[in-house]
Amino acid sequence: RSRWRELLRSVAWVLKFLRHCKGSRKADKGLTADDVTTALRVIVRVVQRSHLATGVITGKCFSKTYFLDDEGIYRVKGRLQNSNLPYDTKHQMLIPQGTNVAMLLARHYHVVTGHGGADRTLQEMRRRFWVSNGRNVVKREIGACVECKKMHGPVAEQIMAPLPEERTMQNKPP
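Let us look at the structure shown here. (Residues numbered from 1 in each chain as written. Predicted model: local features only at pLDDT ≥ 70, side-chain atom pairs only at ≥ 80, totals over all residues. Heavy atoms only, no water.)

All right, on to the nonpolar core then. Counting residues in each nonpolar core, the largest one holds 27 residues, and the members touching the most others are Trp-4, Ile-95, Leu-105, Met-125 and Phe-129. Listed by contribution, the elements that provide at least two residues to this core are helix H1 (3-22), helix H2 (33-51), strand S4 (93-95), helix H5 (100-112), helix H6 (118-125), strand S5 (129-131) and helix H7 (134-143). For this core, the element with the highest residue contribution is H5, accounting for 6 residues. Discounting residues that sit within four places of it in the chain, Met-125 has contacts with Leu-105, Ala-106, Tyr-109, Val-131 and Val-138. Ranked by size, the runner-up nonpolar core spans 5 residues in total, among them Tyr-66, Tyr-74, Leu-94 and Trp-130. (Core = buried A, V, L, I, M, F, W, Y, C linked by side-chain atoms within 4.5 Å. Buried < 20%, exposed > 50% of the residue type's maximum accessible area, 1.4 Å probe, protein only. Helix = DSSP H or I, 4+ residues; strand = E, 2+ residues; numbered from the N terminus. Contact = heavy atoms within 4.5 Å.)

What follows is the structure, given as structure tokens:
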């Protein structure tokens, strides 16, 4: 199971409970896609506010230009602005590298890609999120992946025991 999905769903349930307590919405039985999307945006906003200084983000930094969107989320302003890609792909959400969310995202996308390498994991993650120093974050998570260690670990070689004396003595053929 993905810890990232667990985090998303947990926050979505908490937000749904808070809305229910305020009486602003009729109680639904389960989570909707809108609930999960709202939870994602809340998580990203909280992480950005707690880890990013406003002065560092507003200008050009790390060879990328960032901007603050209508929902209060810092996004990357890249060269895909005129493409017909989805908004989240054109302008990825900025995630600071030293956060647990960056680690959870790297681990989640590593598993989603079938324990793919760093390039594949980073490519999939960058469809929605831009983790600063993302390649190092992904490599660290891949290095910590137990399944990958088992798959790509060294092959054990059998050490043969010496032959018994009876099998090494020369006898005349029958």
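Scanning the model with the defined rule gives 2 aromatic pairs in all. Between Trp-4 and Phe-129, the aromatic rings sit 6.1 Å apart at their centres with planes inclined by 85 degrees, giving edge-to-face as the arrangement. Highlighted residues: Trp-4 in helix H1 and Phe-129 in strand S5, separated in sequence by 125 residues. A relative accessible area of 4% places Trp-4 in the buried class. Taken together, a centroid distance of 6.4 Å and an interplanar angle of 55 degrees make the contact between Tyr-109 and Phe-129 tilted. Taken together, the residues span a long stretch of sequence, with Tyr-109 in helix H5 and Phe-129 in strand S5 at a distance of 20 residues. By relative accessible area, Phe-129 is classed as buried at 2%. Sitting above the plane of the Trp-130 ring, Arg-126 keeps its charged end 4.1 Å from the centroid. (Phe/Tyr/Trp six-rings, centres within 6.5 Å; stacked < 30°, edge-to-face > 60°. Lys NZ or Arg CZ within 6 Å of the ring centre and 35° of its normal.)

Turning our eyes to something else, we now look at the side chain of Ser-132. Inspection of the secondary structure assignment puts Ser-132 in the loop between S5 and H7. For Ser-132, a relative accessible area of 15% gives the class buried. Within the structure, the side chain of Ser-132 is placed 3.1 Å from the backbone nitrogen of Gln-97, a separation counted as a polar contact. (Polar contact = N/O pair within 3.5 Å; in protein donor to acceptor, adjacent residues only side chain to side chain.)

Looking now at H7. Every α-helix carries 3.6 residues per turn, so stepping three or four residues along brings you back to the same face. Every buried residue belonging to H7 is among Gly-134, Val-137, Val-138, Glu-141 and Ile-142, and all of these are buried. One side of H7 carries all its buried residues, which in axial view fall inside an arc of 130 degrees. On its buried face, H7 is in contact with H5, H6, S5 and helix H8 (146-152). (Arc of directions from axis to C-beta.)

The next point concerns the packing of H5 against H7. Each pair of packed helices can be summarised by the angle the axes make with each other and by the distance between the axes. The N-to-C vectors of H5 and H7 enclose an angle of 65 degrees; their axes lie 9 Å apart at closest approach. For the element pair H5 and H7, the recorded crossing hand is right-handed. Residue-level inspection shows Ala-102, Met-103, Ala-106, Arg-107 and His-110 of H5 in contact with H7, the latter providing Val-137, Val-138, Glu-141 and Ile-142. Class assignment of the residues belonging to the contact of H5 with H7 gives a composition of 6 nonpolar, 1 polar and 2 charged. (Axes fitted to C-alpha atoms, helices over the stretch in contact; angles between N-to-C directions. Left-handed = near helix turned anticlockwise from the far one by under 90°. Nonpolar A, V, L, I, M, F, W, Y, C, P; charged D, E, K, R; others polar.)

A few words now on unusual backbone geometry. Of all residues except glycine, most have a negative phi; of all peptide bonds, most are trans. Its identity is not glycine, yet His-115 carries a phi of approximately 60 degrees, on the positive side. Looking at the element boundaries, His-115 is found in the loop between H5 and H6.

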